[in-house]
Amino acid sequence: MPTRASVKRFVRRQAMRAVYRTDLRRPLDPDLAVYGAYWNRGVACNPAAIHAKARELVPHIRGVWAVSSRHRDRMEPGVPYVIEGSRPYWRAMATATYLVNNSSFPGGFTKRPGQRYLQTHHGTPLKTMGLDQRAYPALARKADFGKILAHVGQWDFSLSANPHTTEVWGRVYPGAYERLDLGYPRNDVYFTATAEDIAKIRAELRIADGRTALLYAPTHRDYRTGFVPDLDPERLARELGPQYVVLVRAHYFYGRSAGVGAAGSGRVIDVTGHPRVEELCLAADALIADYSSLIFDYACLDRPIVVHAPDWAAYRAARGTCFDLLSGRPGDTPGPVTTTPDRLADVFRTGEWRSPEAAALRTAFRERFCPYDDGHAAERVVRRFFDVREPVASSTSERASPASGPVPTGRCSPGTASTTSASMWGTAPTRTR
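Chemist: Mind laying out the sheet that holds strand β11 (residues 286–289), listing which residues take part and the relevant values?
Modeler: Backbone-to-backbone hydrogen bonds join strands into a sheet, with any given pair of strands oriented parallel or antiparallel. Read from one edge of the open sheet, six strands run β10-β9-β8-β11-β12-β13, paired in parallel fashion. Here the strands that pair on one side only, and so sit at the sheet edges, are β10 (268–270) and β13 (337–338). Sheet topology note: the strand β8 (residues 212–216)/strand β9 (residues 244–248) ladder contains five bridges and is parallel. Bridging across to β9, A213 finds its partner in V245.

Chemist: How would you summarise the packing of helix α2 (residues 45–57) against helix α15 (residues 377–385) if you had to cite specific residues and measurements?
Modeler: In contact at an axis separation of 9 Å, α2 and α15 are set at 65° when each is read in the N-to-C sense. As far as their axial angle goes, α15 and α2 are roughly perpendicular. For α2 against α15, the interelement crossing comes out right-handed. Residues A49, I50, K53, A54 and L57 of α2 touch α15, and the partners they reach there are A378, E379, V381, V382 and R383. Looking at side-chain class alone, the contact of α2 with α15 contains seven nonpolar, no polar and three charged residues.

Chemist: Give me the layout of surface pockets: which residues, what numbers.
Modeler: The volume enclosed by the second largest pocket comes to roughly 720 Å³. Of all elements in the fold, only α2, α7 (189–192), α8 (195–204), α10 (277–283) and α15 reach the threshold of two or more residues within the lining of the second largest pocket. By residue class, the composition of the lining of the second largest pocket is 13 nonpolar, five polar and twelve charged.

Chemist: Outline the pairing of strand β6 (residues 157–160), listing residues and values.
Modeler: Residues F157 and L159 line one face of β6 and the alternating positions S158 and S160 line the opposite face, and both faces are buried. Sheet topology note: the strand β5 (residues 116–119)/β6 ladder contains two bridges and is parallel. If you follow L118 over to β6, its bridge partner there is F157. Here four bridges tie β6 to strand β7 (residues 178–181), and the two strands are oriented parallel to one another. In the strand pairing of β7, L159 is matched with L180. The β-α-β motif built from β6, the intervening helix α6 (residues 163–172) and the parallel element β7 has right-handed crossover chirality.

Chemist: So, the packing of aromatic side chains: which residues are in play, and what are the values?
Modeler: Within the structure shown, the criterion is met by 22 aromatic pairs. Considering the side-chain rings of Y98 and F386, the 4.7 Å spacing of their centres and the 55° angle between planes classify their relative orientation as tilted. Placement of Y98 in strand β4 (residues 96–101) and of F386 in the loop between α15 and β14 (418–421) is noted, with a sequence separation of 288 residues between them. F386 carries the same exposure label as Y98, and that label is buried. Ring centres 5.5 Å apart and planes at 50° place the aromatic pair W155 and Y177 in the tilted group. Placement of W155 in the loop between α5 (145–152) and β6 and of Y177 in the loop between α6 and β7 is noted, with a sequence separation of 22 residues between them. Among the aromatic residues, ring-to-ring pairing joins Y98, F157, F385 and F386 into one connected group. The ring of F323 has R368 lying over it, and the distance from NZ or CZ to the ring centre is 4.8 Å.

Chemist: An account of a nonpolar patch on the surface is needed here, citing residue identities and associated values.
Modeler: A contiguous nonpolar surface patch, about 270 Å² in accessible area, is contributed by V7, F10 and V11. Mapped onto the elements of the fold, V11 is located in helix α1 (residues 4–23).

Chemist: Can you explain the nonpolar core? Please cite residues and give values.
Modeler: M93, F105, L215, L325 and F386 are the most contacted members of the largest nonpolar core, which totals 97 residues. Element by element, the count of residues in this core is highest for helix α3 (residues 87–95), at five residues. Leaving out residues up to four positions away in the same chain, L215 has contacts with L247, V271, L280, C281, A284, A286, L287, I288 and L294. Membership of the second largest hydrophobic core comes to 18 residues, among which are Y244, A345, V347 and F348.

Reading the values: rules and limits
- Residues numbered from 1 in each chain as written.
- Predicted model: local features only at pLDDT ≥ 70, side-chain atom pairs only at ≥ 80, totals over all residues.
- Heavy atoms only, no water.
- Pairing = 2+ DSSP bridges.
- Helix = DSSP H or I, 4+ residues; strand = E, 2+ residues; numbered from the N terminus.
- Axes fitted to C-alpha atoms, helices over the stretch in contact; angles between N-to-C directions.
- Parallel < 35°, antiparallel > 145°, perpendicular 65-115°, else oblique.
- Left-handed = near helix turned anticlockwise from the far one by under 90°.
- Contact = heavy atoms within 4.5 Å.
- Nonpolar A, V, L, I, M, F, W, Y, C, P; charged D, E, K, R; others polar.
- 1 Å grid on protein atoms, 1.4 Å probe; cavity = no way out; pocket = protein on both sides within 12 Å on 5 of 7 lines; lining within 4 Å.
- Points joined across faces, edges and corners; volume = space filled by probe spheres on them.
- Buried < 20%, exposed > 50% of the residue type's maximum accessible area, 1.4 Å probe, protein only.
- Right-handed = clockwise from strand over helix to strand, strands pointing away.
- Phe/Tyr/Trp six-rings, centres within 6.5 Å; stacked < 30°, edge-to-face > 60°.
- Lys NZ or Arg CZ within 6 Å of the ring centre and 35° of its normal.
- Patch = residues over 30% accessible without salt bridge, like charges linked within 9 Å, V, L, I, M, F, W, Y side chains within 5 Å.
- Areas by Shrake-Rupley, 256 points an atom, 1.4 Å probe, with all protein chains shown as cover.
- Salt bridge = Lys/Arg side-chain N within 4 Å of Asp/Glu carboxyl O.
- Core = buried A, V, L, I, M, F, W, Y, C linked by side-chain atoms within 4.5 Å.

This is how it looks when you write it as structure tokens:
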């Protein structure tokens, strides 16, 4: 028996849909862009960097964020937004000329002729995505591949950070969209942040001067319920000594707290609720990685990466991967690999984490997965998407250096889409081979 509240919600949705159909007959607003990130969780990722650059290069374009009512408290003062499912939301979705998202706009919408939709994605793929999930029964049962293809059919542009990603998106999200091989705008800050910026972030996180900060940010596991880390951060901090601090960030699927960090100890800091993962990367001297796409972004900084992967076999069996992260081959593995807590602690105690061998692996990994990131990706994307044809004023002939910090020294088949490379929109970043 439907409850009164459920009936009320149903009636409201139907009313909103009826008004939306009316709004679809309104003319498009040539100066309106709607942004969304992580299923309307707030201002983040590539869309945030694109929005910031658009305000600079095309200030006449009004940017509005689509936000879930559960996450409206994340919105900073002065940032325009509409609540998902509300009357202003559907009006904006019906009339905006520009749509930018790193996932999708929940609830569905009707793509109109004249609207331009940029799918930025939110990471370089290690795990299987899109149509590749059909080979994994546990994933396939939960996916609607018809809806996935319908969503892809709405895209006009698909953004990529490297050739690997371009090839994977072409296979798992086949469509007639234009591929933009321009880099990830969210990574620009890794090349533009100053030493003063990094010092400020570390101070705000209460990382004491002289301490080595290790960022542990594990990804979601489809075969687990809740946040179950594969290492004990308190134990690791104790074993490494007072000169180390461990920053722990749980995946956003698990809420805003990792439930770790003893009050007042300062040895383990729960940074799950921090609004900018990019700031956490800038603050960290090294990354303890697993299978999160953060590993590819962090590589832009050319700082040490240690892969801690005790459940690699289970992850590959349940989720599938595009390549073997643990192979030890240059380009596949970004640094030392550990599978036990003792081995992980030894990597830091012995200095292996910043050894010449680790640096060589990191260089090869960075060359493979960060060739387009140079600090100017947002500008290239804005100029292409919003059709700004003037030369890129800030382009340089050489790739920018990553931000200086406190650190001591698959083969896939392309789809049918066309491609825009970095060289077509400003100076392409050079590879350091």
